[in-house]
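Topology and contacts: notes
The lines below spell out each chain.
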Amino acid sequence: MGVVTAAEQGVVAARSYLNGEWVTGGGEEIEVKNPATGKLVSRLNSSTAEEVVAAVAAAREARRAWAATPVAVRIEPFRRAVDLVESRRDELKAMICQEVGKTQAEADDDIFGLLANFLHTPEDALRHAGKIVPPTWTPNSKRRVLITHAPVGVVAVMSPWNFPAAIPSEMITPAIASGNVVVWKPSEWTPGTSQILAEIIADAGFPKGVFNVVQGRGNIGAQLVEHPETDMVAFVGSTATGEVIARAAGIKKLLLELGGNGPFVVMEDADVEAAVEATVEGAFYLAGQVCTAAERLLVHDAVHDDFVAALADRARTLKVGDPMDAATEMGPLTVQSSLDKTIAHLGDATGQGAEIVAGGSHHDLFHDPTVLVDVTPEMAIAREETFGPVAPVIRFSSEEEMLRIANDSDYGLTGAIFTKSLERGWELAEQIDCGTVHVNETTNYWELLAPFGGMKKSGIGRVLGDGALESFTNSKQITYDRARPKA
Ligand code: NAD
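Values in this document were obtained by computation on a predicted structure and should not be read as measured data.

On to the confidence of the model for the chain, then. Considering every residue of the chain, the mean pLDDT works out to 96; 97% of them sit at 70 or more. Low pLDDT, under 50, characterises residues 1–9; the predicted model gives this stretch 18 contacts beyond four residues in sequence or across chains.

Shown next, in the form of structure tokens:
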């Protein structure tokens, strides 16, 4: 079947990609509307159960030849993929803005992440060297013990809607570069972006069956998780779905990047102005719909009032509006469930004595950047992931109290500490139970070359940097005795 590019189709329709062929899925049709305008922007045709089986079979068939292909050859198509992203950048950017409601700058960040994964991860794979360890049992023998990184096999990849370009690529790239084959089920909320990305990867020129795409809701992802011939599940999404997947996957290799409830700490010696700017990025970037969002602001008594006043001023002046307008600083919420949860958490908190000092209103899917004070650690807004544009402020008066509140969470993804003392920042960073802790930096800073992931219910395993290559390979031991055979 000939390839019709996404742009040529008007309202973009996402299809399945099975064994090197584009197929219009025979299942349910799902339409996606622009969250800023309500206008139809894209649709997908879900794969049928048989199409999912065909995708896994194609991957299985391609598996051994791809694993045996030299890594330098395996990574070549990613170089072409970089050029393809550049040639389709405007189309990709417009689609991300229209499907997710991202501002221009936020869509650029998504594409920056995508390019970084295509550029740097294959280079890491090229240098992902094994090692030789000394034999302990017979130190004088001619035995040699070699440790290599073996691909896992067929990897089922499931991705969320909030970074529809960067996040799929942070799993697909290391998986394929390290010798695995992939069946990807993109988010049902971003079929247009996923279609463009799938076309870019398909056009980069991997052999048939190495990269496959199926479409649909969670039930299609669940079929991949449960399929006896998928060897690994790589998932980025909510903790609730991650728990379902962990139970269903049984003894398969798992990569789970899940939700967060980032503590953002402002100590009494903090640069308050810098902390306010970092909070704006942490709490209001993508209207708060980021796993690394600053979801709990722990602010010392001594700077609390100054911090809140400055943050409220900043929140009131943030330009909320149409993401296609270059001046817009914050767009709409992407999905109704984010709005519903934001409203419910604000209602629960104000019902228990918290006070809204800036924002608090909404129209359609647009919610004001909101600052909430007198929040206590027991409130739902402090315990759960809100995924909305709210900065909930909890006051503290001692380091011990701050650490107790910061670590009293089911989540452990990203935290931040603002202090002028580097020594103190370092010591506190070591005591906060998160996979990443930034000192004097927003929670939403993602270092693309460093392993990233969570503690506790924020996940298992690491993406990005060499962490990704560890996640998508198993260490394999091969021993060889040079003394045998004797003749
Ligand atoms: P989600 O869990 O609803 O869905 C994620 C993906 O999983 C989608 O493709 C969905 O169709 C699929 N899915 C749903 N049920 C499934 C099942 N039973 N089996 C297999 N697949 C299934 O999450 P979402 O709403 O798309 O994304 C938002 C969530 O993702 C937030 O909680 C956010 O914190 C998290 N997230 C985490 C990271 C990270 O790196 N830790 C990054 C981005 C987003």
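Our next topic: the domain arrangement of the chain. Under the domain assignment, the chain is made up of domain 1 (4–258 + 458–476) and domain 2 (262–439). Of the roughly 1900 Å² buried at the junction of domain 1 and domain 2 (both faces included), carbon and sulfur atoms supply 64%. A per-residue breakdown of the area domain 1 buries against domain 2 is headed by Glu106, Trp161 and Ser458, which together make up 27% of the total. At the junction of domain 1 and domain 2, the tally comes to 0 salt bridges. For the pair domain 1 and domain 2, the interface holds 7 residue pairs in polar contact (both at pLDDT 80 or more). Per element, the largest residue contribution to the side of domain 1 that touches domain 2 is 5 residues, and it comes from helix H4 (residues 89–100). Here the side of domain 1 that touches domain 2 is built from residues that sort into 9 nonpolar, 7 polar and 5 charged.

Take the sheet that holds strand E15 (residues 355–358) next. In space, the 7 strands of this open sheet follow the order E15-E18-E19-E14-E13-E21-E22, with mixed pairing throughout. Lying at the two open borders of the sheet, with one neighbouring strand each, are E15 and strand E22 (436–439). Recorded for the sheet is a direction-independent mean angle of 25° between the axes of neighbouring strands. When strand E13 (residues 262–266) meets strand E21 (residues 414–418), the two strands line up parallel, connected through 3 bridges. Each bridged residue has a counterpart across the sheet, and for phenylalanine 264 the counterpart in E21 is alanine 416.

The rules we used
Per chain, residue numbering runs from 1 following the sequence as it is written. In keeping with the predicted nature of the model, local features appear solely for residues at pLDDT of at least 70, side-chain atom pairs appear and are counted solely at 80 or more, and the whole-chain, interface and lining totals rest on all residues. As a rule here, side-chain values cover all heavy atoms of the structure and leave hydrogens and water aside. For every residue, the pLDDT score states the predictor's confidence, bounded by 0 at the bottom and 100 at the top. By the convention used here, residues are in contact when the closest approach between their heavy atoms is within 4.5 Å. Residue ranges assigned to the domains are those given by an automatic or database domain assignment. Put simply, buried area is the surface a 1.4 Å probe can reach on two separate parts but cannot reach once they are joined, added for both. Salt-bridge detection follows one rule: a side-chain nitrogen of Lys or Arg within 4 Å of a carboxyl oxygen of Asp or Glu. In the analysis that follows, any N or O atom pair within 3.5 Å is treated as a polar contact, provided that within protein one partner can donate a hydrogen and the other can accept it, and provided that, for residues neighboring in sequence, both atoms belong to side chains. To qualify as a helix, a DSSP run of H or I must reach at least 4 residues; to qualify as a strand, a run of E must reach at least 2; elements of each kind are numbered from the N terminus. For this classification, the nonpolar set comprises Ala, Val, Leu, Ile, Met, Phe, Trp, Tyr, Cys and Pro, the charged set comprises Asp, Glu, Lys and Arg, and every other residue, Gly included, is treated as polar. Should DSSP find at least two bridges between two strands, the strands are taken to pair. Here, axes are lines fitted to C-alpha atoms. For helices the fit covers the stretch in contact, and angles between N-to-C directions go from 0 to 180 degrees.

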